[in-house]
Amino acid sequence: MSWGTELWDQFDNLEKHTQWGIDILEKYIKFVKERTEIELNYAKQLRNLSKKYQPKKNSKEEEEYKYTACKAFLSTLNEMNDYAGQHEVISENMTSQITVDLMRYVQELKQERKSNFHDGRKAQQHIETCWKQLESSKRRFERDCKEADRAQQYFEKMDADINVTKADVEKARQQAQIRHQMAEDSKADYSSTLQRFNQEQWEYYHTHIPNIFQKIQEMEERRIVRIGESMKTYAEVDRQVIPIIGKCLDGIVKAAESINQKNDSQLVVEAYKSGFEPPGDIEFEDYTQPMKRTVSDNSLSSAKEGKPELKFGGKSRGKLWPFIKKNKLSLKLGATPEDFSNLPPEQRRKKLQQKVDDLNKEIQKETDQRDAITKMKDVYLKNPQMGDPASLDHKLTEVTQNIEKLRLETQKFEAWLAEVEGRLPARSEQARRQSGMYDGQTHQAVTNCAQDRESSPDGSYTEEQSQERELKVLATDFDDEFDDEEPLPAIGTCKALYTFEGQNEGTISVTEGEMLSVIEEDKGDGWTRIRRSEDEEGYVPTSYVEVYLDKNAKGS
């Protein structure tokens, strides 16, 4: 099958068909281009999506990613980022292996097609020229034959006419011979031209046109093969990234399988555990026995109306403590205390440990900087042309001072951490003075005193107790100077409902069932001042004791 023999007379249709083939190829190139743009946009959107849900640095959201479910989600985001990268690879490979290659091939194809059809038109023009020459030779031969025939007839007429002179007859005879000779020459020329045209025509239809059409056919078949190969490449580009995409998906599945609900539950315990023991059983209160009440000199008439639960303080507080809401006093008093005394013991320990670790990192960083400056100074001393050693003294002194400050800060937080962990006794007044001396802030001593107050046994360790106690210490520190001279009179008695270990300064230890004297009622801060003997008194949580006020004290 050859276009040269089968389609020898379809030059124009072949020209249209090959142009259509190039249009199809350009359409396919456009399709691949749009696919690459879609892949790039998809990859960009996937990357933006992954970035959008990444945890922000140094934020509370970043702390949430310690849970296995959140870690799995973070792994999913990272895998999606890699997944997006594979779509970028698809776009790049399609551009380099298909689009660029086909665009170059289309230009070559257009040039080859133009050349082939130019040769075809040239052959057409040549055969048309030969045909015109044949037609011209034929018409000339025809004309010369007619002229020769007319000259012969004229000669015969002159020869038959007796009135015509012999000279005229001879002249007519010569003219007829000339015309006959011209006709013979035209006949010979026409025969030669016809023979030549037939030869050219045979070569045109059997050699030139078949060769040209064969080239066009081969060109078209190469185009068809090329577009088929491009389609295979199109599929292979996708197939090449399938294993990597599969790994991304396997990574997401692996991250999902790494989720451990028990581990997350344990992390919740570690994050919010207060370290307190739950409250014990509430004793039965026998209301059939009259309870003796006296009124203190401070008067509880208003407290009786506003706080009738004093008698049943241990019962009501012990029952309702999980639902008591924090007040807003801490917001009014300022920021979180430096020693995290507003937190429950377990959380406070974690915060202090984290602070100590951060300070140690800062110390290491400053130490490395100091060592680097020292080495640079030694280099300057050995090679003065490189720099002045004295120019580093100020920086070295500054770094050394920073290290010393950080070490003092670390010691301070380590002391607080040791308190919480029970390795050291409660901080002394001297330790508080050292802390206050370092900070240069007079209110630190008040905060340290407030932080030593224990929380209520029921776990309701609120900012209310620590912060309001802070205000109370300011008032009681001044009064304590006169306690030794004139002890406060007892305004009632109380019974310890629970055992309380008063390890911190200002508190007193009591055992369950013990009877003690009340010398100062609860001012609303959750603490009651009691006395065991003349030389032993302190504060206990109000919810730990049941108070019986003296009626006479109230009446007076």
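The model shown is predicted, which means the values in this text are computed figures rather than measured ones. (Residues numbered from 1 in each chain as written. Predicted model: local features only at pLDDT ≥ 70, side-chain atom pairs only at ≥ 80, totals over all residues. Heavy atoms only, no water.)

A. Local environment of the overall build of the protein chain. Per the secondary structure count, the protein chain includes 15 helices and five strands. Counting only residues that meet the buried cut, the protein chain has 37% of its 556 residues in that class. Of all intrachain contacts in the protein chain linking residues separated by at least 6 positions in sequence, the fraction that spans at least 24 positions is 76%. For the protein chain, the exposed surface amounts to about 34500 Å²; the carbon and sulfur share of it is 52%. (Helix = DSSP H or I, 4+ residues; strand = E, 2+ residues; numbered from the N terminus. Buried < 20%, exposed > 50% of the residue type's maximum accessible area, 1.4 Å probe, protein only. Contact = heavy atoms within 4.5 Å. Areas by Shrake-Rupley, 256 points an atom, 1.4 Å probe, with all protein chains shown as cover.)

B. Spatial organisation of the pattern of salt bridges. If you walk through the whole model with that rule in mind, you get 25 salt bridges. One salt bridge in this structure joins Arg121 and Glu15, with 2.0 Å as the shortest N-O distance. In this pair, Arg121 is assigned in helix H4 (residues 68–160) and Glu15 in helix H2 (residues 11–52), connecting sequence segments 106 residues apart. The partly exposed category is assigned to Arg121, whose relative accessible area is 35%. Across the pair Glu170 and Arg173 runs a salt bridge, and its minimum N-O distance is 1.9 Å. On the criterion of helical spacing, the pair formed by Glu170 and Arg173 is a turn pair, its members being three residues apart in helix H5 (residues 166–257). (Salt bridge = Lys/Arg side-chain N within 4 Å of Asp/Glu carboxyl O.)

C. Main features of the packing of aromatic side chains. Following the criterion strictly, the structure yields 13 aromatic pairs and no others. Where Tyr204 meets Tyr205, the ring centres are 4.7 Å apart and the plane angle is 80°; that geometry is what we call edge-to-face. Centroid distance Tyr498 to Tyr544: 5.4 Å. Interplanar angle 70°. Geometry classified as edge-to-face. Here the residue Tyr498 occupies a position in the loop between strand E1 (492–496) and strand E2 (515–520), and Tyr544 occupies one in the loop between strand E4 (536–541) and strand E5 (545–549), the gap between them amounting to 46 residues. Across this residue pair, the class does not change: Tyr498 and Tyr544 are buried. Ring pairing ties together the aromatic residues Tyr498, Phe500, Trp527 and Tyr544, which thus form one cluster. Cation over ring: Arg226 sits above Tyr105, and NZ or CZ is 4.5 Å from the ring centre. (Phe/Tyr/Trp six-rings, centres within 6.5 Å; stacked < 30°, edge-to-face > 60°. Lys NZ or Arg CZ within 6 Å of the ring centre and 35° of its normal.)

D. Molecular detail of the pairing of E5. The element E5 is extensively covered by neighbouring structure, given that five of its five residues are classed as buried. Burial along E5 is two-sided: the face carrying Val545, Val547 and Leu549 and the face carrying Glu546 and Tyr548 are both buried. Relative to E5, E1 runs antiparallel, the two being bridged by five bridges. In the sheet register, Lys495 faces E5, and the bridge partner there is Glu546. (Pairing = 2+ DSSP bridges.)

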